[in-house]
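Single-letter residue listing:
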Amino acid sequence: MADSFPAVVELNVGGTPYAVGLKTLLAEDGSWLHDTFGGAPSNLPLDAQGRYFLDRDGGLFRHVLDYLRDPGRYILPVAFLDRERLRREAEYYRLAGLLEVLAKQVPGCITVGYRGSFQFGRDGLADVKFRKITRLLVHGRVALCREVFGDTLNESRDPDHGASDRYTARFFLKHVFIEQAFDMLQEQGFRLVGSCGSGTAGSVTENLKPGVDTEENRWNHYNEFVFVRD
């Protein structure tokens, strides 16, 4: 019986305490929460304070409750980075509606660019089999960039000033492995739609900075790759 539980249910989810209305826990028919809290409370373990204990992720349970409070209007927070972990929680709790929300991907465009040159051997000749990349630049909507690149994204040149949906041309990655960047984009459903690049041997060799190799500077080039998710 649903009235076997109090109107306000005290929970301990993975060490995080919650006080939740019983109606919220019963909001979605067929879910694990509906089946569990619509039955007898004796089947659930209690912690030392007498709260019902769920051995799941306590931090992500906040998003589960946000969804249950308004299932038809719930949207993920801007720049939410734990989509896959929250999906596993939704599967455990059998929340079909939340799984549908997580399956929807926000469309958008991200451009990855790099400036590099070909490596040089001891004899001063360019080795075209090896490229030297100084930095991988990322341009696009900030929320999408964070979703795709997560902790590998360096935002130091363009710190967040609180805007909820802004664009940037100043982010770069904390590594210079372009294949890794491409893999991360592909895993998030992006596809390459265009690219462009400057030619080599076209750089100005006069007034170079100290320590810059004149011959290597002639092989500098810049490339950009445009990725889109529909």
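Everything below is about the structure shown above.
The model shown is predicted, which means the values in this text are computed figures rather than measured ones.

## Comments concerning the pattern of salt bridges
- A full pass over the atoms with the stated rule returns 12 salt bridges.
- Note that R85 and D57 form a salt bridge whose closest N and O atoms lie 2.4 Å from each other. Pair noted here: R85 is in helix α4 (residues 83-93) and D57 is in the loop between β3 (52-54) and α3 (61-69), with a separation of 28 residues, a long-range link.
- A salt bridge links R85 to D82, with the shortest nitrogen-to-oxygen separation between them at 3.3 Å.
- Residue classification places R85 among the partly exposed residues on the basis of a relative accessible area of 34%.
- Because the salt bridges share partners, they merge into one network encompassing D57, D82 and R85.

## A look at the packing of aromatic side chains
- A complete count under the given rule lists 11 aromatic pairs for this structure.
- Aromatic side chains W32 and Y92 sit 5.5 Å apart centroid to centroid with 45 degrees between the ring planes, which places their arrangement in the tilted category. Pair noted here: W32 is in helix α2 (residues 32-37) and Y92 is in helix α4, with a separation of 60 residues, a long-range link.
- On the accessibility criterion, W32 (18% relative accessible area) is buried.
- Exposure remark for Y92: the relative accessible area of 35% places this residue in the partly exposed category.
- With a centroid separation of 5.2 Å and 70 degrees between ring planes, the pair formed by F182 and F225 is classed as edge-to-face. Of this pair, F182 sits in helix α7 (residues 178-187) while F225 sits in strand β9 (residues 221-229); the two residues are 43 residues apart in sequence, bridging distant segments of the chain.
- With relative accessibility at 15%, the residue F225 sits in the buried group.
- Members of the aromatic cluster, connected to one another through ring pairs, are Y18, W32, F61, Y92 and Y93.
- Over the ring of F172 we find R135; its NZ or CZ atom is 3.9 Å from the centre of that ring.

## Describing the packing of α4 against helix α5 (residues 96-103)
- One can describe the packing of α4 onto α5 by two numbers: an axis separation of 9 Å at closest approach and a directional angle of 160 degrees. Taken together, α4 and α5 sit at an angle that is classed as roughly antiparallel. The element α4 and its partner α5 pack so that their crossing is left-handed. Facing R83, L86, R87, A90 and E91 of α4, the residues of α5 in contact are L98, L99, V101 and L102.
- By residue class, the composition of the contact of α4 with α5 is 6 nonpolar, no polar and 3 charged.

## A short note on unusual backbone geometry
- A positive phi is found at R94, a non-glycine position, where the angle reads about 55 degrees.
- One can find R94 in the loop between α4 and α5.
- Classification of R94 as partly exposed rests on a relative accessible area of 38%.

## Describing the sheet that holds strand β1 (residues 8-13)
- Ordered in space as β2-β1-β3, the 3 strands form an open sheet in which the pairing is mixed. The outermost strands of the open sheet, each flanked by one partner alone, are β2 (16-21) and β3. Averaged over all pairs of adjacent strands, the angle between their axes in this sheet comes to 35 degrees, without regard to strand direction.
- As paired elements, β1 and β2 share 6 bridges and run antiparallel to each other. Of the residues in β2, the one forming a bridge with V9 is V20.

## As for the environment of L44
- By the secondary structure assignment, L44 is in the loop between α2 and β3.
- Residues within four places of L44 in sequence aside, it is in contact with F5, W32, T36, F37, Y52 and L54.

## So, the nonpolar core
- Formed by 31 residues in total, the largest nonpolar core has its most connected members in L11, L33, F37 and F61.
- Taken together, the elements giving at least two residues each to this core come down to β1, β2, α1 (22-25), α2, β3, α3, α4 and α5.
- Ranked by the residues each element gives to this core, the list is headed by α3, at 5 residues.
- Setting aside residues no more than four positions away along its own chain, L11 makes contact with T16, P17, Y18, V20, L25, F37, R51, Y52, L54 and F61.
- Counting 21 residues, the second largest nonpolar core, distinct from the first, contains V138, V142, M184 and L185.

Thresholds, definitions, all that
- Residues numbered from 1 in each chain as written.
- Predicted model: local features only at pLDDT ≥ 70, side-chain atom pairs only at ≥ 80, totals over all residues.
- Heavy atoms only, no water.
- Salt bridge = Lys/Arg side-chain N within 4 Å of Asp/Glu carboxyl O.
- Helix = DSSP H or I, 4+ residues; strand = E, 2+ residues; numbered from the N terminus.
- Buried < 20%, exposed > 50% of the residue type's maximum accessible area, 1.4 Å probe, protein only.
- Phe/Tyr/Trp six-rings, centres within 6.5 Å; stacked < 30°, edge-to-face > 60°.
- Lys NZ or Arg CZ within 6 Å of the ring centre and 35° of its normal.
- Axes fitted to C-alpha atoms, helices over the stretch in contact; angles between N-to-C directions.
- Parallel < 35°, antiparallel > 145°, perpendicular 65-115°, else oblique.
- Left-handed = near helix turned anticlockwise from the far one by under 90°.
- Contact = heavy atoms within 4.5 Å.
- Nonpolar A, V, L, I, M, F, W, Y, C, P; charged D, E, K, R; others polar.
- Pairing = 2+ DSSP bridges.
- Core = buried A, V, L, I, M, F, W, Y, C linked by side-chain atoms within 4.5 Å.

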